[in-house]
Amino acid sequence: MATNVDPIELAPLSPDEFLLWQNLGRLVHCPPRALEGYTSRSSLTMTECAVLLPLSDAPGHRMHMSALAAAASLTPSRITRVVDGLGKHDMVRKGRHGQDGRGSEATLTGAGLHAMRAASPAQLASARHRVLDRIPEHPPVCHRVRPWVCAGRSTSP
């Protein structure tokens, strides 16, 4: 059975587009690998820090789970697993959303704030040493590209 596929979708990548795509893949995978050795010895993983940081900045240190997932660039199922894991260590509490009772919200505890603040200086120093110091002096454009790339991102697993 033939399918109607837009020919634009089938257009091959130009050499420059292919190189950009290939390097984007490397950019996505290399920094976490470079930091894995450090984070395995740290009290918090990169993912846990990505969850705790927006909670620490949120009013009342609480966020709706869907907003937290978006802020941490995680899927709904992944944010649930991470928050549940942090909850086992009393770093985050999960409960029903206070205003509408629908959905769940996560609240950063004092222990979670303390753990994040304790891990942050060493993790940022490791990020500088293992990743940022290796980038040429031209400012990276990743922060300008991310909104375009992530704008169409599906939140389904």
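You'll find the structure just up there.
Because the structure is predicted, anything quoted here is derived from the model rather than measured.

Peer 1: What should I look at first to understand unusual backbone geometry in this one?
Peer 2: Apart from glycine, the bulk of residues carry a negative phi angle, and the bulk of peptide bonds sit in the trans form. Residues other than glycine seldom take positive phi values, yet histidine 61 does so here, at roughly 55°. Secondary-structure assignment places histidine 61 in the loop between helix 3 (46-57) and strand 1 (62-64). The phi angle at aspartate 90 is positive, at roughly 60°, despite the residue not being glycine. According to the relative accessible area criterion, aspartate 90 is partly exposed, its value standing at 46%.

Peer 1: Would you mind going over the packing of helix 3 against helix 5 (residues 76-88) with me for this structure?
Peer 2: Relative placement of two packed helices is described by the angle separating their axes and the distance separating the axes. In the contact formed by helix 3 and helix 5, the axes pass within 10 Å of each other and the chain directions differ by 90°. On the basis of the axis angle, helix 3 is roughly perpendicular to helix 5. Residue-level inspection shows Thr47, Glu48, Val51 and Leu52 of helix 3 in contact with helix 5, the latter providing Arg78, Ile79, Val82, Val83 and Leu86. For the contact of helix 3 with helix 5, the class distribution of residues is six nonpolar, one polar and two charged.

Peer 1: For this particular structure, what's the right way to read the sheet that holds strand 3 (residues 104-108)?
Peer 2: Pairing is antiparallel in the open sheet, where three strands are placed in the order 1-3-2. Bordering the open sheet on either side are strand 1 and strand 2 (92-96), each of which pairs with just one other strand. If you compare each strand with its neighbour and ignore which way they point, the axes differ by 25° on average. Together, strand 1, strand 2 and strand 3 form the strand contacts of helix 3, whose direction differs from that of strand 3 by roughly 85°.

Peer 1: Would you mind showing me how to read the packing of helix 3 against helix 4 (residues 65-72) here?
Peer 2: As a packed pair, helix 3 and helix 4 sit with axes 9 Å apart at the nearest point and diverge in direction by 120°. Between helix 3 and helix 4, the interaxial angle falls into the category oblique. The element helix 3 and its partner helix 4 pack so that their crossing is right-handed. For the pair helix 3 and helix 4, the contacting residues are Ala50, Val51, Pro54 and Leu55 in the first and Leu68, Ala71 and Ala72 in the second. Split into classes, the residues belonging to the contact of helix 3 with helix 4 amount to seven nonpolar, no polar and no charged.

Peer 1: Would you mind going over the side chain of glutamate 48 with me for this structure?
Peer 2: On the secondary structure map, glutamate 48 appears in helix 3. With no salt bridge to any partner, buried glutamate 48 finds its closest opposite charge in arginine 78, at an N-O distance of 7.8 Å. A polar atom in the side chain of glutamate 48 sits 2.8 Å from the backbone nitrogen of threonine 45. Sequence-distant contacts of glutamate 48, that is, excluding residues within four places in its chain, are made with Ser43, Val82 and Leu86.

Cut-offs and rules
- Residues numbered from 1 in each chain as written.
- Predicted model: local features only at pLDDT ≥ 70, side-chain atom pairs only at ≥ 80, totals over all residues.
- Heavy atoms only, no water.
- Helix = DSSP H or I, 4+ residues; strand = E, 2+ residues; numbered from the N terminus.
- Buried < 20%, exposed > 50% of the residue type's maximum accessible area, 1.4 Å probe, protein only.
- Axes fitted to C-alpha atoms, helices over the stretch in contact; angles between N-to-C directions.
- Parallel < 35°, antiparallel > 145°, perpendicular 65-115°, else oblique.
- Contact = heavy atoms within 4.5 Å.
- Nonpolar A, V, L, I, M, F, W, Y, C, P; charged D, E, K, R; others polar.
- Pairing = 2+ DSSP bridges.
- Left-handed = near helix turned anticlockwise from the far one by under 90°.
- Lys, Arg positive; Asp, Glu negative; His and termini not counted.
- Salt bridge = Lys/Arg side-chain N within 4 Å of Asp/Glu carboxyl O.
- Polar contact = N/O pair within 3.5 Å; in protein donor to acceptor, adjacent residues only side chain to side chain.

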